[in-house]
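Residues per chain are reported as follows:
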Amino acid sequence: MRRLIVLALVCAGLTACGATTTGGAGGMALSALNPEAGGATNSEPSGFGYLLSGGDGWEGNLEFLDEPGQPAVAFAFNSVHSGGATGELEVSMPYLDEGVRRYHGESERGETIAIQLQAGPCQQDERTFTHFAAVRIGDVAVTGCAMERAELDSWANYLASYLPAIDTCLDEFGPRARHVSYAYEMPGGNTAVRLVDTAGLSWECATREDGRAMNSMRPLTEADAMFGEGDPVFVRGEMPEGFEGCYVYESVREADGSLIGAFGYDVCDGGPAPSVG
């Protein structure tokens, strides 16, 4: 579902959506969050979207609607201080401008709604969320955290816990590394990181000592492919400009704004990188 939405959004922002670009699920009822119920949910939202919340007593839900044309987004908001709001929003274009997700529209009462989601480890109530959230509804502005919600979980939702192992593997692999395509916890609790090199070949790095020491590095074959590999990829320590190859990039930042890296989403739908052999 995520890949289909990314493809639709990128193609909507381009004159044509070819095989390569160059350069620098079901709908949600807008009452899923009941403004009259003090923030309680009537039902668990389904499909792809984001759950938003703030430590000062507000929560929201963004969900992509399965409708013809450019994807629309249903939004429901509730705050113990300012009450609730609902509306159907649009994805702000150009898509992922400056690496940030933005949405805009109006509430059912005619208030302007603007939402910004910045990928990064947002800490709240001893939990690590996938995005920092900024919401403005009319004259009300709040900040908090957001968690991606999808029918299938993504390895990227756990990037913060994988970063020590990613750095260990990238240091070992050196300048041949193009990007990280996957990371996962191995039996016994150690972390494995999959890398794609500059020739487009895939490798797996196994770590130990909480990801801070190398254990092994092996080439991968097609038989080693794992579900979700390459969706998305991750580039450490840099933010590619605009489109690069078949990827559109989302920046990943710390709370202070410092750059962690970038997620790359394949808009050519090319599948995983070639394997060794």
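**Student:** How do you make sense of the overall build of the protein chain when you look at a structure like this?
**Tutor:** Looking only at helices and strands, the protein chain features two helices and 16 strands. Split by element, the accessible area of the protein chain, about 13100 Å² in all, is 49% carbon and sulfur.

**Student:** Explanation requested: the layout of surface pockets in the structure shown.
**Tutor:** Rolled over the atoms, a probe with the dimensions of a water molecule shows which regions are left empty. Approximately 400 Å³ is the volume attributed to the largest pocket. In terms of lining, the largest pocket is formed by 30 residues, of which the most central are T130, A156, N157, Y158 and L159.

**Student:** Looking at this structure, how should I read the side chain of R101?
**Tutor:** In this fold, R101 is placed in strand β5 (residues 101-106). Since its relative accessible area comes to 4%, R101 is described here as buried. Among the polar contacts listed, one links the side chain of R101 to the side chain of Y50, at a separation of 3.2 Å. The residues contacting R101, other than those within four sequence positions of it, are Y50, Y95, L96, I115, Q116, L117, H131, E250 and Y265.

**Student:** Any chance you could explain a negative patch on the surface here in plain terms?
**Tutor:** A contiguous patch of negative charge on the surface is contributed by D66, E67, E88 and E90. One can find E67 in the loop between β2 (58-65) and β3 (72-79).

**Student:** Would you explain the nonpolar core in this entry?
**Tutor:** Within soluble globular proteins, side chains that are nonpolar tend to cluster in buried spots. By size, the foremost hydrophobic cluster in this structure holds 51 residues, and its most contacted members are L52, L62, Y103, I115 and F234. Those residues within four positions of Y103 in sequence are excluded, and the remaining contacts are Y50, L62, F64, V73, L89, E90, V91, S92, I113, A114, I115 and L117. If you look at the next biggest cluster of nonpolar residues, it comprises five residues, including V233, V235, Y247 and A262.

**Student:** Help me out: how do you make sense of the pairing of strand β11 (residues 202-208) in this one?
**Tutor:** As a general feature of sheets, a regular strand has side chains that alternate between the two faces. Counting buried residues in β11 gives six out of seven residues, a clear majority hidden from the surface. Here strand β10 (residues 191-197) runs beside β11; their pairing, made up of five bridges, is antiparallel. Following the sheet pairing, A192 is matched in β11 by A206. The antiparallel hairpin formed by β10 and β11 contains four residues in its connecting segment, where G200 sits at a positive phi of about 85°. Bridge analysis of β11 against strand β12 (residues 213-219) gives six bridges, and the strand direction is antiparallel. By the bridge assignment, T207 is partnered in β12 with M214. Linkage of β11 to β12, two consecutive antiparallel strands, is achieved through a turn of four residues, within which E209 is found at a positive phi near 55°.

**Student:** In this structure, what is going on with the packing of aromatic side chains? I would like to understand it.
**Tutor:** Here the structure, examined in full by the defined rule, presents eleven aromatic pairs. Plain terms: the ring middles of Y182 and Y184 are 5.9 Å apart, the flat faces sit at 40° to each other, and that makes the pair tilted. Residue Y182 is classed as buried on the basis of its relative accessible area of 12%. Classification of Y184 as buried rests on a relative accessible area of 18%. Taken together, the ring pairs in this structure connect W155, Y182, Y184, F234 and F263 into an aromatic cluster.

**Student:** I'm lost on the pattern of salt bridges in this one. Help?
**Tutor:** Side chains that differ in sign of charge can pair as their charged atoms come close. Across all of its chains, the model carries ten salt bridges by this definition. With a shortest N-O distance of 2.9 Å, R101 and E250 are connected by a salt bridge. With R101 in strand β5 and E250 in strand β15 (residues 247-253), this pair connects stretches of sequence that are 149 residues apart. You'll find R101 and E250 in the same group, each marked buried. Residues E229 and R194 are paired through a salt bridge, measuring 3.0 Å at the closest nitrogen-oxygen approach.

**Student:** Even after reading the chapter, I still don't get the pairing of strand β8 (residues 140-149), so can you show me in this structure?
**Tutor:** Both strand β1 (residues 49-54) and β8 contribute to a ladder of five bridges, which runs antiparallel. Bridge pairing in β8 places S53 opposite C145. Pairing analysis gives seven bridges linking strand β7 (residues 127-137) to β8, with the strands arranged antiparallel. Directly across from R136, in β8, lies its bridge partner A141.

**Student:** Explanation requested: the state of the cysteines in the structure shown.
**Tutor:** Working definition of a disulfide: a covalent bond connecting the sulfur atoms of two cysteines. Inspection of the entire model under this criterion finds three disulfides. Covalent S-S linkage joins C246 and C268, the inter-sulfur distance amounting to 2.1 Å. Around the S-S axis, the bridge from C246 to C268 shows a dihedral of about -90° and counts as left-handed. Here C246, found in the loop between β14 (243-244) and β15, pairs with C268, found in the segment after β16 (259-266); they are 22 residues apart in sequence, far enough to count as distant.

Calculation notes
Each chain has its residues counted from 1, following the order in which its sequence is written. Predicted model: local features are reported for residues with pLDDT of at least 70 only, side-chain atom pairs are reported and counted for 80 or more only, and whole-chain, interface and lining totals are derived from all residues. In computing side-chain properties, one takes all heavy atoms of the structure into account and sets aside hydrogens as well as water. The way it works is that DSSP assigns letters per residue, a run of H or I at least four long becomes a helix, a run of E at least two long becomes a strand, and they are numbered from the N terminus. Residue exposure ignores everything except the shown protein chains as possible cover, and the areas themselves are Shrake-Rupley values with a 1.4 Å probe. Points on a 1 Å grid over protein atoms alone make up a cavity when a 1.4 Å probe fits among them but cannot get out, and a pocket when they form an open set with protein on both sides within 12 Å along at least five of seven lines; lining residues each have an atom within 4 Å of a point. Grid points are joined across faces, edges and corners, and a volume is the space filled by probe spheres set on the points. Categorising residues by exposure relies on relative accessible area from a 1.4 Å probe, with only protein chains included: less than 20% of the type maximum marks a residue as buried, more than 50% marks it as exposed, and the intermediate range marks it as partly exposed. N or O atoms within 3.5 Å of each other form a polar contact, as long as, within protein, one can give a hydrogen and the other can take it, and as long as residues adjacent in sequence are counted only when both atoms are side-chain atoms. By the convention used here, residues are in contact when the closest approach between their heavy atoms is within 4.5 Å. Each patch groups residues whose relative accessible area exceeds 30% and which form no salt bridge, using 9 Å between like charges and 5 Å between nonpolar side chains of Val, Leu, Ile, Met, Phe, Trp and Tyr. Salt bridges, as used here, are contacts in which a Lys or Arg side-chain nitrogen is within 4 Å of a carboxyl oxygen on Asp or Glu. By the counting rule applied here, Lys and Arg register as positive and Asp and Glu as negative, while His and the ends of each chain are not counted. Note on charges: their place is set at NZ of Lys, CZ of Arg, CG of Asp or CD of Glu. Put simply, a nonpolar core is a bunch of buried Ala, Val, Leu, Ile, Met, Phe, Trp, Tyr and Cys residues held in one set by side-chain atoms that sit within 4.5 Å of each other. For two strands to be treated as a pair, DSSP must find at least two bridges joining them. For this analysis, a ring pair means two rings from Phe, Tyr or Trp (six-membered ring only for Trp) whose centres lie within 6.5 Å, classed as stacked if their planes differ by under 30 degrees, edge-to-face if by over 60, and tilted for the remaining angles. When two cysteine sulfur atoms lie within 2.5 Å, the pair is treated as a disulfide.

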